[in-house]
Amino acid sequence: MGNYTREEILQMVEEEDVEFIRLQFTDMFGAIKNIAVTARELPRALDNRCMINGEQIAGMDMEKGSDLYLSPILDTFAILPWRPQQGKVARMICDLYFPDGTPYKNSPRYILENVAGKAQEEGYTCYIDPECEFFLFHTDDNGNPTTVTHEQAGYLDISPLDLGENARRDMVLTLEDMGMEVESSHHEAAPAQHEIDFRYGEIRKIADCITTFKMAVRIVAKRHGLHATFMPKPKAEANGSGMHIQFSLIKNGENVFECSDRPGELSEDAYYFIGGLLAHSKEMALITNPLVNSYKRLVPGYDAPTELTWTENNQNSLVRIPVTRGEGIRVELRSPDASANPYVVLAVCLAAGLDGIKNKITPTKSSNLAAQDQQAEHLPETLKEAIDYFESSSWVKEVLGEEFCRQYVAAKKNEWLRYTRQVTDWEIAEYLYRL
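Everything quoted here is computed from the prediction, not taken from an experiment.

A.B. asks: Please provide a residue-by-residue account of the confidence of the model for the protein chain, values included.
C.D. replies: Close inspection of predicted coordinates is inappropriate for parts of the model with low pLDDT. Looking at the protein chain as a whole, its pLDDT mean stands at 90, while 92% of the residues score no less than 70. Here residues 369-373 is modelled with pLDDT under 50, and outside its nearest four sequence neighbours on either side it reaches 4 contacts, counting other chains as well.

Here it is, written out as structure tokens:
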């Protein structure tokens, strides 16, 4: 993805023999939706004249009518490397607008834009570095996904133990071909588990990257005869997959989390940002961990956080401070998983940290483990508990909007009811197909 003008995009489409352009956006749960236009119709699309029926999209509130217009973001133009090289296919991520020109405020991308915009009004630009984990499983004779793998590789292992090495390499090359900067990739702790990390970047840009990343990973995996899943905990006996997020705030060209004169080189604002993440972690858990299965990952013994603690060196804390100091100092939140909508996850996380700075929320004392002289609070243990915290939060409604919250809660309540009425096999089958 690059810094393109309208004229440059039209020129690239002609020179690269691009035949179709997909205009993409996500629903409230992060599922990618799109319409495709031909190269001949691209000027009309760039004039924001392509329309969709919002009534058919999950979470769309159609008080102003069912029509929504797609407004392509020029910087997100990218040719899809896995499509034919004659009559190529490109994509552009879009914002959504009503016919009268007002933005559709329930759009996940708009929600993140709104929070990031408020941060900029205070002088802050948020940069993040996500660590996206996923599993690569075999499919059955009919091509359906399974949780079967023949490998027994562990953390940072290589081939022949790592049977997914070639697929992971092709994923990285595909992402690089689309203009994304990949910092590293490796095998994770559990058999068939992998991680690909992006280079540190501005929060809105990285949200677009995560959405594209999930699509590309699934497609490349399929070409290798595998199924890629971002399901948080597909196997009970193995570590689950998270999406750890490292944050920093830049103001006047400097990282506001850095202060060399203080213990640990953490500024007051860094402590307050941590305090905000801890204070709001329960009520935003339904966003950061949106599935029944998410709470099967958040259990002791599998390198996943369960208590509202923070530390400088413990992998099991909810918030961790990586070892890098100076201008590279960051705050890492370890609870989110990649089954969530990245736009909404990043919106609530940034809003929580900023609220901590605004209201000077002091975190509990840092500890490698929960302090023995205090009773540590816990993250929600089930989707139902997360729903209750979310539904009772006025702060969440302020960040996401009351209508978004109402529809999101209704969908999650329905999901919880379906789960409690079905056997466990439903959960595995449903999520593998969807994630």
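A.B. asks: How would you sum up helix α12 (residues 402-421)? Please name residues and give values.
C.D. replies: For α12, spanning 20 residues, the distance from its first C-alpha to its last is 29 Å, which sits close to the expected 28 Å at 1.5 Å a residue. Among the residues making up α12, those that are buried are F404, C405, Q407, Y408, V409, K412, E415, W416 and Y419.

A.B. asks: Break down the environment of L156 for me, with residues and values.
C.D. replies: Summarising the element assignment, L156 is placed in the loop between β7 (125-138) and α4 (165-177). A relative accessible area of 48% means that L156 is categorised as partly exposed. Placed 114 residues apart in sequence, L156 and A270 show a C-alpha to C-alpha distance of 31 Å. Once residues lying within four places of it in the same chain are set aside, the contact partners of L156 are H186 and H187.

A.B. asks: Give a detailed account of empty space enclosed by the protein, specifying residues and quantitative values.
C.D. replies: Any empty space left between the atoms is revealed when a probe the size of a water molecule rolls over them. Taken as a whole, this structure holds 3 cavities of 30 Å³ or more when the rule is applied. Residue lining of the largest cavity: Q24, F25, T26, I32, I93, C94, S107, P108, R109, T211 and Y343, and that is the complete set. A per-element tally of the lining of the largest cavity places strand β1 (residues 18-26) first, with 3 residues.

A.B. asks: Talk me through the packing of helix α6 (residues 268-280) against helix α9 (residues 342-358); I want residue IDs and the actual numbers.
C.D. replies: Running from amino to carboxyl end, α6 crosses α9 at an angle of 125°, the nearest separation of the two axes being 6 Å. One way to sum up the angle between α6 and α9 is to call them oblique. Of the two possible hands of crossing, α6 and α9 adopt the one that is right-handed. In contact with D269, Y272, F273, G276, L277 and H280 of α6, α9 contributes C349, L350, A352, G353, L354, D355, G356 and I357. Broken down by class, the residue content of the contact of α6 with α9 amounts to 8 nonpolar, 4 polar and 2 charged.

The rules we used
- Residues numbered from 1 in each chain as written.
- Predicted model: local features only at pLDDT ≥ 70, side-chain atom pairs only at ≥ 80, totals over all residues.
- Heavy atoms only, no water.
- pLDDT = per-residue confidence, 0-100.
- Contact = heavy atoms within 4.5 Å.
- Helix = DSSP H or I, 4+ residues; strand = E, 2+ residues; numbered from the N terminus.
- Expected span 1.5 Å × (residues − 1).
- Buried < 20%, exposed > 50% of the residue type's maximum accessible area, 1.4 Å probe, protein only.
- 1 Å grid on protein atoms, 1.4 Å probe; cavity = no way out; pocket = protein on both sides within 12 Å on 5 of 7 lines; lining within 4 Å.
- Points joined across faces, edges and corners; volume = space filled by probe spheres on them.
- Axes fitted to C-alpha atoms, helices over the stretch in contact; angles between N-to-C directions.
- Parallel < 35°, antiparallel > 145°, perpendicular 65-115°, else oblique.
- Left-handed = near helix turned anticlockwise from the far one by under 90°.
- Nonpolar A, V, L, I, M, F, W, Y, C, P; charged D, E, K, R; others polar.

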